[in-house]
Amino acid sequence: SSGINAEYGGALVFGSRENREALNSCIHPEIAKIVRRRLILEFLKGTELVVLDIPLLFESCNIRPYMHSVILVYCTPEQQKKRLMDRNDFTEEAANARINSQWSIEEKKDLADHVIDNTGLFLETESQTKTLLAELRKGILPIRNILLLLFLFAVAVILYNF
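Cut-offs and rules
Residues numbered from 1 in each chain as written. Predicted model: local features only at pLDDT ≥ 70, side-chain atom pairs only at ≥ 80, totals over all residues. Heavy atoms only, no water. Helix = DSSP H or I, 4+ residues; strand = E, 2+ residues; numbered from the N terminus. Buried < 20%, exposed > 50% of the residue type's maximum accessible area, 1.4 Å probe, protein only. Contact = heavy atoms within 4.5 Å. 1 Å grid on protein atoms, 1.4 Å probe; cavity = no way out; pocket = protein on both sides within 12 Å on 5 of 7 lines; lining within 4 Å. Points joined across faces, edges and corners; volume = space filled by probe spheres on them. Nonpolar A, V, L, I, M, F, W, Y, C, P; charged D, E, K, R; others polar. Phe/Tyr/Trp six-rings, centres within 6.5 Å; stacked < 30°, edge-to-face > 60°. Lys NZ or Arg CZ within 6 Å of the ring centre and 35° of its normal.

Here the focus is the overall build of the chain. Secondary structure summary: the chain contains 7 helices and 2 strands in total. Along the chain, from the amino end to the carboxyl end, the secondary structure elements read α-α-α-β-α-α-α-β-α. Sorting the 162 residues of the chain into buried and exposed places 22% on the buried side. Across the chain, the fraction of contacts at a sequence separation of at least 24, relative to all contacts at a separation of at least 6, is 62%.

When its volume is computed, the second largest pocket comes out at roughly 280 Å³. Lining the second largest pocket are 13 residues, with Glu7, Gly10, Ala11, Ala94 and Arg98 positioned closest to its centre. At 5 residues, the largest contribution of residues to the lining of the second largest pocket is made by helix α1 (residues 6-14). Residues belonging to the lining of the second largest pocket are distributed by class as follows: 6 nonpolar, 3 polar and 4 charged.

The final tally for this structure, using the stated rule, is 1 aromatic pair. Relative to Trp103, the ring of Phe58 has its centre 6.3 Å away and its plane inclined at 10°; by these criteria the two rings are stacked. Taken together, the positions of Phe58 in helix α3 (residues 57-60) and Trp103 in the loop between α5 (92-100) and α6 (105-111) put the pair 45 residues apart, joining distant regions of the chain. A relative accessible area of 19% places Phe58 in the buried class. Look at Trp103 and you get partly exposed, because its relative accessible area is 35%. Over the aromatic face of Phe90 sits the side chain of Arg98, whose NZ or CZ is 4.1 Å from the ring centroid.

This part is about unusual backbone geometry. Phi is positive for Asp89, which is not a glycine, with a value near 55°. Mapped onto the elements of the fold, Asp89 is located in the loop between α4 (77-88) and α5.

Following the sequence through the fold, Val115 ends up in strand β2 (residues 114-117). By relative accessible area, which is 35% here, Val115 ends up partly exposed. Once the C-alpha coordinates of Val115 and Ile71 are considered, the two residues, 44 residues apart in sequence, prove to be 5.6 Å apart. In this view, Val115 contacts Leu72, Tyr74, Lys109 and Gln128; residues no more than four positions away in its chain are not counted.

Structure below.
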């Protein structure tokens, strides 16, 4: 059959640090370009808030400077493994390989600007998310206005020197 064999590919990538680093060095720069272009487009469209789901943000992604805030949705390492196994029907070994290929969730927690605790009930997580979203929306308008002025100034300088 045609297509990608995800099980074989996962074993190949997550079973070897060298393979994973080779793959990441090829695809991450291209992904970063796409994300940067999309962020600029969303900014120009006036999008209020953009949410990116980037599992390897801290490990290998160079788009952190384009972000106002990093939000980590936290759960315990045990919950992380169980959820991965349940969601993707992974063996414990396959789940551990994926988790161990990333920085620990505790390291990421220390680097995040905001943490949503996802160890409890869904309603608790939902409440934290809504509160954080309201907090972020309060701070977006002033930053957006400053960025828009800087963008317009840059365009004016480019046009003046053209």
